[in-house]
Amino acid sequence: MASSRVFPVVRFVLKGSLAGGAVYVAYDQGLLGNGSQGAEALKKARAALPPAIQEWTNYTGWELPSAPKFDFSVSESWNTGVQASLSALSVAPTRIREYTEDGWKYMKDLIK
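Rules used in this analysis
Residues numbered from 1 in each chain as written. Predicted model: local features only at pLDDT ≥ 70, side-chain atom pairs only at ≥ 80, totals over all residues. Heavy atoms only, no water. Patch = residues over 30% accessible without salt bridge, like charges linked within 9 Å, V, L, I, M, F, W, Y side chains within 5 Å. Areas by Shrake-Rupley, 256 points an atom, 1.4 Å probe, with all protein chains shown as cover. Salt bridge = Lys/Arg side-chain N within 4 Å of Asp/Glu carboxyl O. Helix = DSSP H or I, 4+ residues; strand = E, 2+ residues; numbered from the N terminus. Buried < 20%, exposed > 50% of the residue type's maximum accessible area, 1.4 Å probe, protein only. Phe/Tyr/Trp six-rings, centres within 6.5 Å; stacked < 30°, edge-to-face > 60°. Expected span 1.5 Å × (residues − 1). Bend = angle between axes of the 7 residues up to and from the residue.

A.B. asks: Run through a nonpolar patch on the surface, naming residues and quoting values.
C.D. replies: Residues Leu-49, Ile-53, Trp-56, Trp-62 and Leu-64 make up a contiguous nonpolar surface patch of roughly 530 Å² in combined accessible area. Note on placement: Trp-62 falls in the loop between α2 (35-60) and α3 (74-111). We classify Trp-62 as exposed; its relative accessible area is 54%.

What follows is the structure in structure tokens.
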């Protein structure tokens with residue numbers, strides 16, 4: 001009976017600890033900062049991942065295909081996404097008004 005109450009609490013604490021640890025590592029590595037900090041964290045990951053993956057594949061005996069090469073700026077991609085989102089939000093009231101007018105016009109034409 002007591003184990004049925006303890007298990008959900010342990011599971012909640014474990015999940016919370018994992019989530020908190022992930023947020024801490026992301027903050028510590030600079031992923032939650034500005035675009036240049038994110039780009040620097042990506043460079044660190046690019047430098048650290050291949051040796052770690054090679055060690056893991058040697059340990060398990062599996063062979064993985066080589067990773068594709070990407071050449072893009074994270075900060076530019078981030079800024080483009082932010083600009084597109086804000087642009088869509090800025091024209092949203094106008095678009096809603098236009099769509100509402102078109103809908104009313106369509107409904108009036110159906111009633112005639």
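Next, the rest of the story.
A.B. asks: Tell me about the packing of aromatic side chains, and name the residues and values.
C.D. replies: If you walk through the whole model with that rule in mind, you get one aromatic pair. Here the aromatic rings of Trp-56 and Trp-62 are separated by 5.3 Å at their centres, their planes lie at 85 degrees, and the arrangement is edge-to-face. Given the relative accessible area of 40%, Trp-56 is considered partly exposed.

A.B. asks: A description of α2 should follow, citing residues and the corresponding values.
C.D. replies: In this model α2 runs 36 Å from its N-terminal to its C-terminal C-alpha over 26 residues, within 8% of the 38 Å that 1.5 Å per residue would give. Most pronounced at Leu-49, the bend in α2 amounts to some 30 degrees, and the proline Pro-50 follows within four residues. Inspection of α2 places Gly-38, Ala-41 and Thr-57 among the buried residues, and these make up the whole buried set. Two residues or fewer after α2 comes Gly-61, characterised by a positive phi angle close to 85 degrees.

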